[in-house]
Amino acid sequence: MSVRARLRATVPAPLSAPGAAPPEITGQPGRRLVVQRSDEVVVAQALDDDFHARPGPAVRFPAPWPRGRGAFAVAPDAGLAVFAGVHAVRAVEPSGATRWEVRHGCWSGTCPETHLSYEEYADLPDHRYPDGGSAGFSADGTLVWAHVRGPLADGAALPGAVDEWLLLDAVDGRVRARVDSRSAAVGSFHLAHPTDPGQMGLSIGEGQDGAPLRWGRWDGQALEVAYLEDDLCLLSVSPSGDRLMTVSHDQDSLAVRDSRGAVAEGGEWDAASTVPRHPDAPPPSDDEDEDDEAPVYWDWAGGFVDETTLIVSTVESDEDWGRDRHWFVDTTTPAAVRPVVYPSPVAGEPMALGGGCWSTLSESRDSVRVWDAPTPRG
């Protein structure tokens, strides 16, 4: 039985600049933003509970370097943006003023330099396609968690560390804690606990070498880190903060876990055995020595629509055969995986928003469409 999606809102992209990244909705119910980045600026517009723009202009943060040279995050109140770049983590106010900066080792290959500015390497060919880290705000916006290449410019290196995980004060950039992330990353991203500012997830990509997952807990004095070494990509945290949604590095297995990595009872789904082949894909070969030309596998996308329901997709494995497919997973029932049917075409993978909602891009990718399912189990 399928799940019929209902269009709840269409949120226009706040930017029309050529080459801008697609817009996305961030934050928790009551503190949502639609954000978008170009090479020159990050724009954030506050949304109400119906996903309409709140009164007042959008907030604009001048970007210190092009978007291909790092990641960014916007505070829940849109009062600050943090840019995790090749050589530094920089906090920028809407005026364009730098509130603080933490410089660190260079993310570009084996470059040994601790750069003073972006301009030092902006035109260097070997810095054109750097690896990178990321940053994320805590639920209340008071802390910034940052994954950086070590060592820090103004402090002693952590012995044996390649990458470091920092906990920073959002007001002044003071380093409140730092640990060895036990990784050598190509990229990463953060996912905050929805209510506890002292908890944060860090999903790390090491290319073909793996996908380590970290979960941090800060009690105000010490940072405790759970090191999950099972090659897992963290995609979502449940509204309660008690459950994590992960997809394996090889994209075969979708799971719901606790923050220590344990899989919930009945909370794991193998793509090949739970998702039907795309209807337009060729049938599998009878020759056991031949590889399947149309394997089904999960995307690194989706999340918790509510505490027990996931929105997931198989867009990457479907792209050669026709329409993209999204799926509802009800974690409380054995027949868990059901196809989602939309009243109009959508683009790409879904993003869970909580509160019973999720989003997709419009087919033209110039707006975000917000969906719900009035009877998701019917």
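Heads up: the structure comes first, above all this text.
Residues numbered from 1 in each chain as written. Predicted model: local features only at pLDDT ≥ 70, side-chain atom pairs only at ≥ 80, totals over all residues. Heavy atoms only, no water.

> Explain the overall build of the protein chain to me, using residue names and the numbers behind them.
Summing up its helical and strand segments, the protein chain has two helices and 29 strands in all. Relative to the globule expectation of 21 Å for 378 residues, the C-alpha radius of gyration of the protein chain, 21 Å, shows essentially globular dimensions. Across its three principal axes, the protein chain shows a C-alpha extent of roughly 60 × 55 × 45 Å. A total of 378 residues make up the protein chain; the buried ones form 51% of that total. Counting only contacts in the protein chain whose residues sit at least 6 apart along the sequence, the fraction spanning at least 24 positions is 47%. If you average the places of the 31 positive and of the 59 negative side-chain charges in the protein chain, the two averages end up 8 Å apart. (Helix = DSSP H or I, 4+ residues; strand = E, 2+ residues; numbered from the N terminus. Rg over C-alpha atoms; globule rule 2.2 N^0.38 Å. Buried < 20%, exposed > 50% of the residue type's maximum accessible area, 1.4 Å probe, protein only. Contact = heavy atoms within 4.5 Å. Lys, Arg positive; Asp, Glu negative; His and termini not counted. Charge placed at Lys NZ, Arg CZ, Asp CG, Glu CD.)

> If you had to explain the environment of Gly 136 to someone new, which residues and values would you point to?
As for its position among the elements, Gly 136 is in strand E11 (residues 134-137). It is 8.4 Å that separates the C-alpha atoms of Gly 136 and Ala 75, two residues lying 61 residues apart in sequence. Dropping the residues within four chain positions of it, Gly 136 is found in contact with Ala 73, Leu 143, Val 144, Trp 145, His 190 and Met 200.

> So, the sheet that holds strand E20 (residues 244-248): which residues are in play, and what are the values?
On the basis of which strands lie adjacent, the open sheet formed by four strands has the order E19-E20-E21-E22 and antiparallel pairing. One side of each edge strand has no neighbouring strand; the edge strands of this open sheet are strand E19 (232-237) and strand E22 (263-270). The average angle at which neighbouring strand axes cross in this sheet is 25°, direction not considered. (Pairing = 2+ DSSP bridges. Axes fitted to C-alpha atoms, helices over the stretch in contact; angles between N-to-C directions.)

> An account of the side chain of Ser 362 is requested, with residue identities and associated values reported.
Among the structural elements, Ser 362 can be located in strand E28 (residues 357-362). Those residues in contact with Ser 362 that sit more than four places away from it in its chain are Ala 347, Ser 367 and Arg 369.

> Could you give an account of a negative patch on the surface, naming the residues involved and the relevant values?
Together, Asp 230, Asp 231, Asp 250, Asp 252, Glu 268 and Asp 270 give the surface a local cluster of negative charge. Turning to its location among the elements, Asp 270 is positioned in strand E22. A relative accessible area of 35% places Asp 270 in the partly exposed class. (Patch = residues over 30% accessible without salt bridge, like charges linked within 9 Å, V, L, I, M, F, W, Y side chains within 5 Å. Areas by Shrake-Rupley, 256 points an atom, 1.4 Å probe, with all protein chains shown as cover. Salt bridge = Lys/Arg side-chain N within 4 Å of Asp/Glu carboxyl O.)

> Talk me through the nonpolar core; I want residue IDs and the actual numbers.
In this structure, Val 74, Phe 83, Trp 145, Trp 165, Trp 218 and Leu 223 are the most contacted members of the largest nonpolar core, which totals 32 residues. Counting residues per element, the ones that place at least two in this core are strand E4 (32-37), strand E5 (41-47), strand E8 (81-85), strand E12 (143-149), strand E13 (163-169), strand E14 (175-180), strand E16 (199-205) and strand E18 (223-228). In terms of residue count, E16 provides more of this core than any other element does, three residues in total. Setting aside chain neighbours within four positions, we find Val 74 in contact with Leu 33, Val 35, Val 42, Ala 44, Phe 61, Leu 80, Ala 81 and Phe 137. (Core = buried A, V, L, I, M, F, W, Y, C linked by side-chain atoms within 4.5 Å.)

> Outline the sheet that holds strand E3 (residues 24-26), listing residues and values.
The strand order across the open sheet built from four strands is E3-E4-E5-E6, with neighbouring strands paired in antiparallel fashion. Only two strands of the sheet have a single neighbouring strand rather than two, namely E3 and strand E6 (59-62). The mean inter-strand angle of the sheet, taken between neighbouring strand axes irrespective of direction, is 25°. Bridge count between E3 and E4: three bridges; the pairing is antiparallel. Paired with Thr 26 across the two strands is Leu 33, which belongs to E4.

> Please provide a residue-by-residue account of the layout of surface pockets, values included.
Taking a probe equal in size to a water molecule and rolling it over the atoms shows the remaining empty space. Estimated volume of the second largest pocket: approximately 230 Å³. In terms of lining, the second largest pocket is formed by 14 residues, of which the most central are Gly 187, Ile 204, Gly 205, Glu 206 and Ala 211. Split by residue class, the lining of the second largest pocket holds six nonpolar, seven polar and one charged. (1 Å grid on protein atoms, 1.4 Å probe; cavity = no way out; pocket = protein on both sides within 12 Å on 5 of 7 lines; lining within 4 Å. Points joined across faces, edges and corners; volume = space filled by probe spheres on them. Nonpolar A, V, L, I, M, F, W, Y, C, P; charged D, E, K, R; others polar.)

> Residue-level account of the packing of aromatic side chains, with values.
Using the criterion set out here, one finds six aromatic pairs in the structure. When the centroid spacing of 5.1 Å and the interplanar angle of 65° are considered together, the rings of Phe 328 and Trp 358 count as edge-to-face. With Phe 328 in strand E25 (residues 326-330) and Trp 358 in strand E28, the pair connects residues that are 30 residues apart, well separated along the chain. As far as burial versus exposure is concerned, Phe 328 and Trp 358 are alike and both buried. When the centroid spacing of 4.9 Å and the interplanar angle of 70° are considered together, the rings of Tyr 342 and Trp 371 count as edge-to-face. Of the two residues, Tyr 342 sits in the loop between strand E26 (337-341) and strand E27 (346-354) while Trp 371 sits in strand E29 (residues 367-372), which places them 29 residues apart along the sequence. (Phe/Tyr/Trp six-rings, centres within 6.5 Å; stacked < 30°, edge-to-face > 60°.)

> Go over the pairing of E4, please, and point to the residues and values.
Two faces belong to every sheet, and in a regular strand the side chains alternate between them. Among the six residues in E4, six count as buried, and that is most of the element. Covered by surrounding structure in E4 are Arg 32, Val 34 and Gln 36 together with Leu 33, Val 35 and Arg 37, the residues of both alternating faces. Here E3 folds back onto E4 in antiparallel fashion, the turn holding five residues, of which Gly 27 has a positive phi close to 90°. Hairpin geometry of E4 and E5 is characterised by an intervening segment of three residues between the two adjacent antiparallel strands.

> Quick one: what's the story with the pattern of salt bridges, residue by residue and with numbers?
Enumeration according to the criterion identifies eight salt bridges in this entry. A salt bridge links Arg 178 to Glu 164; the nearest nitrogen and oxygen atoms lie 2.9 Å apart. One end of the pair, Arg 178, is in strand E14; the other, Glu 164, is in strand E13, with 14 residues separating them in the sequence. Since its relative accessible area comes to 1%, Glu 164 is described here as buried. For Asp 318, the salt bridge identified is with Arg 325, shortest N-O distance 3.0 Å.

Function cannot be read off these values alone, since they describe shape.
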